[in-house]
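Fold and contact review
The chain contents come next:
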Amino acid sequence: MEADPASVIYHSIEFIVPVRNPRKRSDGVRCTMIEVGFGFRVPPGPVRTVGQQPNRSRWHWLRKRGNVTFVRPAEEIDDRKERFYLAIASVFRWARLLGVFPLSNITARDPDAFRFTVFSPYILLTALSVSGGLFIMLSAMIRLNRIGINAMNIAEPIFFGICTLLNVLFVRLAIVWRKFMLFWTEREELFFARPYGAINVRRKVIRLAVCIIVSGLVEHVIYVINQAFNVYQESLACRYNVTNPIKLYGTLTFRSVYQAVPYHHLVTMYLLYTTISLTFIWTFTDLFLMLIATGISCRLEQLNKRIETNLQNGSEAFWGEMRSHFAGLMELVERTNQIVGPLVIVSCANDMYFLCLQTLNTVEDKPFAINEWYFRYSFSFLIMRTSVKLWYAADVDEKSTRTHKLVQKIRTEQYNDELEILRICSSVSVSISGMGFFNITRKIFLTMAGSILTYELVLLRFHRSSKGVGEDMPCGYID
């Protein structure tokens, strides 16, 4: 009997509630769960009628096709290790201290408890970071209007402008994060039932986050040492009468700002916090996209392993379940692209620009050894971080393509309607996208390399034509 496509068919399953659920009676009580689609159980809720149309994706019909259900006991899982929103919360909770992702209750066990509150300390830190970034960007633009623009000094307003934009996009993401994670949890729940097993998503997230954040911290420490050494060398060359080293460091580091406003220690502290915050956001954006791609690709990998071990299975019911699970992941990728698409575009544009700029810096002479070592580490870290981000994001496309290749290995005599539908829908591109302007696949490495070469030639020509323009008067510090 075919299911009515205009409504959702629910199946009631009675079972004994296990003791592990703290919200239920410890002695066990008979309850009713509702199974939606294949192997996906949710607590009973209000029945949705035909007139109440939810916000469905274009793959909703594919996941809901048919009315066959498979009841399997759920795998005993550790929520903290397996649920993506809890795994990534371990990273977000510390990022908020630097003004990123101002969401309250981020470590709650239930994503419905996430709250975006305007009056919270995290919003205050975000506002400080955004306003500081705009202040430095505007000060740098005023300075460039006075002294002129060259290929090097234009990097300052671009860096602070783009990183401030990234911070605003994370605020936008925090507003919709609760609904996004509720949607993610519904699709992820499919992979907590047997024969799928635990994969420890938290360990994958923590390992990746520690590697990227520690590398970024090392890069910033070397930057501070490099900048302090440059300030010291300038003080020796210009024979400054230094009575306040902190003022000297702040004035020469933030020339653009202190050419517009008088010096103050509190302003210097605020500018240092802003610089740390926005530098962290640049690195964190790449890390965030890696984590999102990891959360999706590991579920695709689980699906592929199960299909690979059942290539001789001719059961239409089994392939109907696989079709349902794959369609759920297609919905997840589609929703992810809608929400993180702007971050993908800005992040890739930012990385491409600074790859071009650092490539141009390779032809510049470095007066001191510390300058050379800082440049080498910074450039290497930028290349590594950008490559890893694109590799992880392209892994979603690779895993979905592997699903299609596995299905094509099945013999013709074992084909059935559900398997044919899975073969057709798995041939559709499932990949992380920049708002539909481009899809991140393995081919993007060659595309980006060609684009960098093209823009590098333009930047090199601009650098030669602007030689001697946009330089401050030497030894301009006054104590």
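Just so it is clear, the structure is predicted and the values come from calculations on it, not from any experiment. (Residues numbered from 1 in each chain as written. Predicted model: local features only at pLDDT ≥ 70, side-chain atom pairs only at ≥ 80, totals over all residues. Heavy atoms only, no water.)

What about the overall build of the protein?
Within the protein, the secondary structure is distributed over 13 helices and three strands. Every one of the 479 residues in the protein was classed for burial, and the buried ones make up 50%. Sequence separation of 24 or more characterises 77% of the internal contacts of the protein that already satisfy a separation of 6 or more. (Helix = DSSP H or I, 4+ residues; strand = E, 2+ residues; numbered from the N terminus. Buried < 20%, exposed > 50% of the residue type's maximum accessible area, 1.4 Å probe, protein only. Contact = heavy atoms within 4.5 Å.)

Points about the nonpolar core
By size, the foremost hydrophobic cluster in this structure holds 104 residues, and its most contacted members are Phe101, Leu173, Trp177, Phe284, Phe288 and Ile296. The element best represented in this core is helix H10 (residues 316-361), accounting for 21 residues. Each residue touching Phe284, except ones within four places of it in the same chain, is listed here: Val91, Phe92, Ala95, Val100 and Phe170. Core analysis: the second largest hydrophobic core is formed by seven residues, Val231, Cys238, Leu248 and Tyr249 among them. (Core = buried A, V, L, I, M, F, W, Y, C linked by side-chain atoms within 4.5 Å.)

Comments concerning the state of the cysteines
Taken as a whole, this structure holds one disulfide when the rule is applied. Note that Cys238 is cross-linked by a disulfide to Cys475, the S-S spacing being 1.9 Å. Between Cys238 and Cys475 the disulfide shows an S-S torsion of about -75 degrees. By sign, it is left-handed. Taken together, the positions of Cys238 in helix H6 (residues 201-238) and Cys475 in the segment after helix H13 (444-465) put the pair 237 residues apart, joining distant regions of the chain. (Disulfide = S-S within 2.5 Å.)

Thoughts on the UniProt feature "transmembrane region" (unreviewed entry) in the protein
Those places that UniProt annotates as "transmembrane region" (unreviewed entry) correspond, in this numbering, to residues 116-138, 158-177, 205-225 and 270-296. Counted over residues 116-138, helix gives 78% and strand 0%. Its end C-alpha atoms are 29 Å apart. (UniProt positions renumbered as here; feature names shortened; annotations may be inferred.)

So, a positive patch on the surface
On the surface, Arg80, Lys81, Arg203, Lys204, Arg207 and Lys305 cluster together into a positively charged patch. Broken down by secondary-structure element, the contributors of at least two residues to the positive patch are helix H2 (79-82) and H6. Tallying contributions element by element places H6 first for the positive patch, with three residues. Structurally, Lys305 can be placed in helix H9 (residues 265-308). (Patch = residues over 30% accessible without salt bridge, like charges linked within 9 Å, V, L, I, M, F, W, Y side chains within 5 Å. Areas by Shrake-Rupley, 256 points an atom, 1.4 Å probe, with all protein chains shown as cover. Salt bridge = Lys/Arg side-chain N within 4 Å of Asp/Glu carboxyl O. Lys, Arg positive; Asp, Glu negative; His and termini not counted. Charge placed at Lys NZ, Arg CZ, Asp CG, Glu CD.)

Some remarks on the side chain of Asp395
Along the chain, Asp395 turns up in helix H11 (residues 369-408). A relative accessible area of 16% places Asp395 in the buried class. Setting aside its immediate chain neighbours within four residues, Asp395 contacts Ser297 and Arg442.

Some remarks on the packing of helix H3 (residues 84-95) against helix H5 (residues 155-188)
Closest axis-to-axis distance for the H3/H5 pair is 10 Å, and the angle between their directions is 140 degrees. Relative to H5, the element H3 is oriented oblique. Of the residues in H5, those in contact with Phe84, Tyr85, Ile88 and Phe92 of H3 are Trp177, Met181, Trp184, Thr185 and Glu188. Residues belonging to the contact of H3 with H5 are distributed by class as follows: seven nonpolar, one polar and one charged. (Axes fitted to C-alpha atoms, helices over the stretch in contact; angles between N-to-C directions. Parallel < 35°, antiparallel > 145°, perpendicular 65-115°, else oblique. Nonpolar A, V, L, I, M, F, W, Y, C, P; charged D, E, K, R; others polar.)

Some points on the pattern of salt bridges
This structure, assessed with the given rule, holds 22 salt bridges. Two residues, Lys389 and Asp351, come together in a salt bridge whose shortest N-O distance is 2.7 Å. Remark: Asp351 occurs in helix H10 and Lys389 occurs in helix H11; sequence separation between them is 38 residues. Accessibility assignment for this pair places Lys389 and Asp351 in one class, buried.

Overview of the confidence of the model for the protein
Scored by pLDDT, the protein comes out at a mean of 83, with 84% of its residues at no less than 70. The low-confidence segment residues 1-54 (pLDDT under 50) makes 85 contacts with residues lying over four places distant or belonging to another chain. Ignoring residues within four places in sequence, the model shows residues 59-75, a span with pLDDT below 50, making 56 contacts including any to other chains. (pLDDT = per-residue confidence, 0-100.)

Looking at the environment of Phe318
Inspection of the secondary structure assignment puts Phe318 in helix H10. Separated by 101 residues in sequence, Phe318 and Leu419 place their C-alpha atoms 9.0 Å apart.

Thoughts on H5
Between the first and last C-alpha of H5 there are merely 42 Å, a value that for 34 residues lags more than 12% behind the 50 Å anticipated at 1.5 Å per step. Maximum bend of H5: about 55 degrees, positioned at Val176. (Expected span 1.5 Å × (residues − 1). Bend = angle between axes of the 7 residues up to and from the residue.)

Overview of a nonpolar patch on the surface
A cluster of nonpolar side chains, contributed by Val210, Val214 and Val218, occupies part of the molecular surface with about 220 Å² of accessible area. In this fold, Val218 is placed in helix H6. Taking the relative accessible area as the measure of exposure, Val218 reaches 36% and is therefore partly exposed.

Comments concerning unusual backbone geometry
With phi around 60 degrees, Phe101 is a residue other than glycine that occupies positive phi space. Mapping Phe101 onto the fold places it in the loop between H3 and helix H4 (121-147). Here Asn105, not a glycine, exhibits a phi torsion of approximately 55 degrees, which is positive. With relative accessibility at 44%, the residue Asn105 sits in the partly exposed group.

Here's the deal with the packing of aromatic side chains
One pass over the full model with this rule turns up 26 aromatic pairs. Between the aromatic rings of Phe92 and Trp177, the centroid separation amounts to 5.4 Å while the plane-to-plane angle is 90 degrees, which identifies the pairing as edge-to-face. Taken as a pair, Phe92 in helix H3 and Trp177 in helix H5 lie far apart in primary sequence, 85 residues in all. With relative accessibility at 1%, the residue Phe92 sits in the buried group. Consider the rings of Phe101 and Trp177, whose centres lie 5.2 Å apart with planes at 85 degrees: the pair is edge-to-face. Placement of the pair is Phe101 in the loop between H3 and H4 and Trp177 in helix H5, with a sequence separation of 76 residues. Assigned by exposure class, Phe101 and Trp177 land together as buried. Counting every residue linked through ring pairs, the aromatic cluster contains Phe84, Phe92, Phe101, Phe170, Trp177, Phe180, Trp184, Phe280, Phe284 and Phe288. Directly above the aromatic system of Phe183 lies the positively charged group of Arg335, at a separation of 4.0 Å from the ring centroid. We note Lys366 situated over the ring of Phe375; from NZ or CZ to the ring centre the distance is 4.4 Å. (Phe/Tyr/Trp six-rings, centres within 6.5 Å; stacked < 30°, edge-to-face > 60°. Lys NZ or Arg CZ within 6 Å of the ring centre and 35° of its normal.)

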